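Spelled out from the first residue to the last, the chains are:
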Amino acid sequence: MFRTVLIYGLALAAGAALLQWLEYRIWTQSHAVEIWIGLIAVAFLGLGVWVGARLFRPQTLTGPFAPNAEALASLGITPREHEVLGLLASGRSNKEIARQLELSPNTVKTHVARLFDKLEAARRTEAILRARELRLIP
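In this text the structure is predicted, and so the values were computed from the model without any measurement.

Student: What is the right way to read unusual backbone geometry from this model?
Tutor: Most of the time, phi is negative for any residue but glycine, and the peptide bond is trans. Phi at E102 is positive, roughly 55°, even though this residue is not glycine. Structurally, E102 is set in the loop between α5 (94–101) and α6 (105–119).

In structure tokens form, the structure reads like this:
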């Protein structure tokens, strides 16, 4: 009895596989253009991802950090403001910066406000991000 059920089961499975294969062949013949368009689209997608990864990969710089002197000059950032910017990037508050540079907290506030104007930023994090994009600070 088990052997008969097994033979019938295998025959039904083979028949179902054959019908699926025939349906696939008919489907591929009737939709050949759509299949080719899809394959070409996938190929161009892969090519676009590969080219994008090649062109827009982050650049790794070797050697010690050197600030972008051209950007500093074009923005008009003074050496003292650059120093304040570096301390801002390290997460120091205005009072800590004032203590470290031996300045008045009001002077530090003025430097920070001028940096915001020159970097076109509204917040410290925005100014730091912009400065890093321009390679003003590490």
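Text resumes after the structure shown.
Student: Can you help me understand the side chain of N94 in this one?
Tutor: Following the sequence through the fold, N94 ends up in helix α5. Residue classification places N94 among the buried positions, given a relative accessible area of 17%.

Student: Could you clarify how one ought to interpret the side chain of H111 in this entry?
Tutor: Mapped onto the elements of the fold, H111 is located in helix α6. What H111 contacts, discounting residues up to four positions off in sequence, is R80, E81, V84 and L103.

Student: Could you clarify how one ought to interpret the packing of helix α4 (residues 79–89) against α6 in this entry?
Tutor: Each pair of packed helices can be described by the angle between their axes along with the distance between the axes. Relative to each other, α4 and α6 sit at 90°, their axes nearing to 10 Å. On the basis of the axis angle, α4 is roughly perpendicular to α6. Contacts from R80, E81, V84, L85 and L88 in α4 reach H111, V112, R114, L115, K118 and L119 in α6. Looking at the contact of α4 with α6 residue by residue, the classes come out as six nonpolar, one polar and four charged.

Student: Help me understand the nonpolar core in this model?
Tutor: Soluble globular proteins tend to bury their nonpolar side chains together. Core analysis: the biggest nonpolar cluster contains 21 residues, and V84, L85, I97, L119 and L136 have the highest contact counts within it. Elements with a minimum of two residues in this core: α3 (69–75), α4, α5, α6 and α7 (124–133). Looking at this core, the element that brings in the most residues is α6, giving five residues. Contacts of I97, omitting those with residues within four sequence positions, involve V84, L87, L88, R92 and V108.

Conventions adopted
- Residues numbered from 1 in each chain as written.
- Predicted model: local features only at pLDDT ≥ 70, side-chain atom pairs only at ≥ 80, totals over all residues.
- Heavy atoms only, no water.
- Helix = DSSP H or I, 4+ residues; strand = E, 2+ residues; numbered from the N terminus.
- Buried < 20%, exposed > 50% of the residue type's maximum accessible area, 1.4 Å probe, protein only.
- Contact = heavy atoms within 4.5 Å.
- Axes fitted to C-alpha atoms, helices over the stretch in contact; angles between N-to-C directions.
- Parallel < 35°, antiparallel > 145°, perpendicular 65-115°, else oblique.
- Nonpolar A, V, L, I, M, F, W, Y, C, P; charged D, E, K, R; others polar.
- Core = buried A, V, L, I, M, F, W, Y, C linked by side-chain atoms within 4.5 Å.

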